[in-house]
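# Topology and contacts: notes
Read off the chains here:
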Amino acid sequence: MRTFRDRPIKQKLIMTIMLTSGVGLLVSGAGIVTVDAYLFRGHLQRDLSVLVGIMADNSTAAVVFNDPKSAGETLAALRAKTNVVAACIYRSDGTQLASYLRPGAKSACPPATAGAAIQSTGAGLTFSQPIVLQERRIGTLVLLYKAGEVSQRLRLYSATVLAVLLMSSFIAFLLSSRLSAIVATPILKLAHAATSVSSTKDYSVRAEKMSGDELGVLVNAFNEMLAGIQSRDNELRKALLDREDALAEATKARKFLETTLASIGDAVISTDIEGRIAFANPVAQSLLGLKEADLAGKHLDDVFRIVNEFTRAAVESPVAKVLRQGAVVGMANHTILIGRDKAEVPIDDSGAPIRDESGTVYGTVLVFRDVSARRKAEATTRLLAAIVESSDDAIIGHDLNGLFSSWNKGAERIFGYAAEETIGHPTSLIANPESGDEMPGILARIGNGERFPQYQTTRRTKSGKVIDVAITLSPLYDEFGRIVGASKIARDITEQVRAADRLAQANAALQRSNADLARTNDDLERFAFVASHDLQEPLRMITVYSQLLIKAFPGQPSDDTRMFIEYIVGGTKRMRELLSDLLAYSEISGQPEGSTSAVDLNVVLEKVTENLKAYIDETGASITSEPLPVLKAYEAHLSPLFQNLIENAIKYRGTEPPRIHISVQALEDQFQFAVADNGIGIEPEYREKIFVPFKRLHGKDIPGTGIGLAICQRVVERYGGRIWVESEVGRGSTFIFTVPLSRKEH
Amino acid sequence: MEANGRKIQIFVVEDNPGDIQLLRMALDTADLDYALTVVSDGREALDFVQQRGKYAHTSPPDLAILDLNLPKNDGLEILAAMRANGAFQEVPVAVLSSSSSPRDRAGVERFGIGRFIAKPPDLDEYLKIGLMIKELLAEKHSGRN
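Description of the structure in this document. (Residues numbered from 1 in each chain as written. Chains lettered and ligands numbered in written order. Predicted model: local features only at pLDDT ≥ 70, side-chain atom pairs only at ≥ 80, totals over all residues. Heavy atoms only, no water.)

With that settled, the discussion passes to the overall build of chain A. Across its full length, chain A holds 19 helices and 24 strands. Counting only residues that meet the buried cut, chain A has 35% of its 746 residues in that class. Relative to all contacts within chain A whose residues are 6 or more apart in sequence, the contacts with residues 24 or more apart total 54%. Counting only carbon and sulfur atoms, one obtains 57% of the accessible surface of chain A, whose full area is about 44,000 Å². (Helix = DSSP H or I, 4+ residues; strand = E, 2+ residues; numbered from the N terminus. Buried < 20%, exposed > 50% of the residue type's maximum accessible area, 1.4 Å probe, protein only. Contact = heavy atoms within 4.5 Å. Areas by Shrake-Rupley, 256 points an atom, 1.4 Å probe, with all protein chains shown as cover.)

Scanning chain B from N- to C-terminus turns up 6 helices and 5 strands. Secondary structure elements of chain B, listed N to C terminal, follow the sequence β-α-β-α-β-α-β-α-β-α-α. Looking at chain B as a whole, 48% of its 145 residues are labelled buried. Sequence separation of 24 or more characterises 68% of the internal contacts of chain B that already satisfy a separation of 6 or more. Of the roughly 7,100 Å² that chain B leaves accessible, carbon and sulfur atoms contribute 47%.

On the surface, a cluster of negative charge is contributed by Asp242, Glu244, Asp245 and Glu249 of chain A. The topology assignment puts glutamate 249 of chain A in helix α4 (residues 214-263). (Patch = residues over 30% accessible without salt bridge, like charges linked within 9 Å, V, L, I, M, F, W, Y side chains within 5 Å. Salt bridge = Lys/Arg side-chain N within 4 Å of Asp/Glu carboxyl O. Lys, Arg positive; Asp, Glu negative; His and termini not counted. Charge placed at Lys NZ, Arg CZ, Asp CG, Glu CD.)

Let us look at the nonpolar core. Residue and element names in this part refer to chain A. Of all hydrophobic cores here, the largest spans 43 residues; its most connected members are Phe642, Phe673 and Phe737. A total of 7 residues in this core trace back to one element, the largest contributor, which is helix α18 (residues 635-651). In contact with phenylalanine 673, other than residues within four places in its own chain, are Leu601, Leu628, Pro629, Leu631, Ser663, Val664, Phe735, Ile736, Phe737 and Val739. (Core = buried A, V, L, I, M, F, W, Y, C linked by side-chain atoms within 4.5 Å.)

Considering bend angle alone, the principal kink of helix α3 (residues 148-200) of chain A is centred on isoleucine 182 of chain A and spans about 40°; proline proline 186 of chain A follows within four residues of it. Where α3 of chain A is concerned, the buried positions are Val150, Leu165, Ser169, Ala172, Ser176, Ser180, Ala184, Pro186, Leu190, Ala193 and Val197 of chain A. (Bend = angle between axes of the 7 residues up to and from the residue.)

Before going further, it helps to spend a moment on unusual backbone geometry. One non-glycine residue, glutamate 135 of chain A, lies in the positive phi region at around 60°. Here glutamate 135 of chain A shows up in the loop between β4 (124-133) and β5 (136-146). A residue is classified by how much of its surface remains accessible, and glutamate 135 of chain A, at 80% relative accessible area, is exposed. Positive phi outside glycine occurs at aspartate 31 of chain B, with the angle close to 60°. Tracing the backbone through its elements, the reader meets aspartate 31 of chain B in the loop between α1 (17-29) and β2 (34-39). What makes aspartate 31 of chain B exposed here is its relative accessible area of 67%.

Summed over the entire model, instances satisfying the criterion amount to 34 salt bridges over all chains. Residues glutamate 537 of chain A and arginine 540 of chain A are paired through a salt bridge, measuring 3.0 Å at the closest nitrogen-oxygen approach. Here the residue glutamate 537 of chain A and the residue arginine 540 of chain A both occupy positions in helix α14 (residues 536-551), the gap between them amounting to 3 residues, near one helical turn. You can call glutamate 537 of chain A buried: its relative accessible area is 15%. Overlapping salt bridges bring together Glu537 and Arg540 of chain A together with Glu14, Asp19, Asp67 and Lys119 of chain B as one network.

This part covers the packing of aromatic side chains. Residue and element names in this part refer to chain A. Applying the stated criterion across every chain, the model contains 11 aromatic pairs over all chains. Here tryptophan 407 and phenylalanine 415 contribute two aromatic rings whose centre-to-centre distance is 5.7 Å and whose plane-to-plane angle is 45°, an arrangement assigned as tilted. Both residues of the pair, tryptophan 407 and phenylalanine 415, belong to the buried class. Their ring planes at 45° and their centres at 6.1 Å tell us that phenylalanine 671 and phenylalanine 673 sit as a pair that is tilted. (Phe/Tyr/Trp six-rings, centres within 6.5 Å; stacked < 30°, edge-to-face > 60°.)

Quick look at the structure:
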């Protein structure tokens, strides 16, 4: 809501006038009404008091004579007074003698009071007047006067005042509306003019003068002021244009300088005499990691933090140094700039004072550059040099004239010469005089672009010792790609050559003994085969003809003769068994007929069980098996394996009928089979010996030659597996063997 | 070379006289009326089965008994030569071997003909060879009929 203060002057004037006249009228109206009401009330009371007094006097006789009729007549005279509502005469004892009630009136007479009194009650004014005879009160007259007349009169007055007020307000409004314009209009115009000037900046506007009073003076002053401003404005405009031209010139020059600075690859920062940054080019901003806006006005020391690379100590601000010395300063080496993200950048830098025309220093300029690439290159160079220097091999530089140009520690170690003894000297220094110096020829060919593979040769060391060396030569190029020399890596391989010789000798010896062994093995196998095979023949002859001898003996042979011949037969029989087992054993090592095939072990087991049927029936053995896998192998190998194990399990049974169980586990890369029995078991100390050919634990009471398990072991090992036994004496044995899943050679 | 039209002509390749003696006893035990042509050398045996040299006009025998291990050429070569000579193709063959080694047995069975007999290391067993020879001859006869 707008406050009074902000309302337009015109409204203010109208409101002031109307408020003033309204308040005046209201105050005067109220005064008149109040006075009139007071006066009227006084008159009324006096009139009524007189009336009551008269009536009291007139009623004296009626009271004395206790005549209600005349008393009533007296009271009835009050009919003329329309505002008297009720009147009563009370005897002295308070009883009512007569009464008058205006028709339609609701109220009754109020009770008598002690003395003369005027009481104002809600119903109206009550007048009590004692009726006195000879100074004795004989009764009381009470009159009730309706107050309506007073308030009626007040309402009339109020209405009048209000009407006058409205009337005068209306007239005041009309008058003030007109009159305010006289004062307000010039001010409004002036205000308009001022608004127009301030919004359009058009100083040619003038306010209209409408009167010669104070407002007129004000308008005059305003217009004069505008004229003054206008002329100043024109001057300013002109000056501004001149300045703009000058500025454009300056900007152009500045732009050129800025572009120049921005184009410089180095970081450039200029400061004022206090060291506060005035300018930083893009490279500087980028190295400091701050925008120009963040840099401007900052003290250089706050953003340009530099430390010594090794000591990590803060390095003095170049600005401080420049200002102190007033001269160009280069910064110390190994300075590191610490950027905003703590990133460390090695820098090279220099500072210089900025002087005005009179030579007074008024600022500094700092130029610095990121040298990390150069430092990295230097580090790489150092690293390469260190690698060359620390190499165990001799790394030697040659120029194309056959002179040494570099000589590392490795070369010193190998050849015994120090670098200063060789550099600039010809390669013949270390040549082996017996074989001559091949280097000059080779270097000449390298100079012609030929390439050389690694080769071996001999060299003579400073001490005169001849050593074997392996040499690798590579051409050396200058920056234009021209061959300027060769690098040579020479390794002392004297020991290696000797070791290689020894190895070759050892190898040859090994090969010889291997061949010997193979031959021996072949001979042995052949011997075993021939022995078992061909020895059968004469044995058979001995047996059969011994038998024939008994049969064809002339007459009856004596018991001794028969017994001796039986010994011969028994001995040859035993020998034949041994030979036949030896043959079986030797055949496992030989190459079987045909090739390997997929052998179903379930079928093998079936055949073996069939072969042993008589033995199984005889002993009441039971053979159970898990489903067995199919193996790629020779069936001629697998049958004897299973047959020997099962036969043994039956042969070495306990008192119980043999129970044999065959199980198989597929492990990661092999099958593991187990043939478990409930037989007599094997003492721990014999568990390895039982696999030795012809090794037996039992005498003639249990038949056999002791070749069965040796055959089993030979079969399993031939397939790259292993066989062993786990046993508990008296409880049984479990023969376990493994067969690798895939093997090419069998 | 006692050739008799009625006698069963048996060609024996055997270098061991003991075995020849035993063979005769076995054939006698089986009551066979036979005539033996005995050759103890592999080369000579080859001549016989290829009907060369002095055997050029010898007719094929009723039966051949070959020892596997012979000087010069072994029993298998002779067996092969017999299969190659049409006149000898129908001649039943008993191959006697001094071992029962599977390798020897397989070598013979590869030809798919003849009977492999391991020379038994027992007199009574040896004499049973006569009966086996008799069976072979009977098979030949029934085969022809």
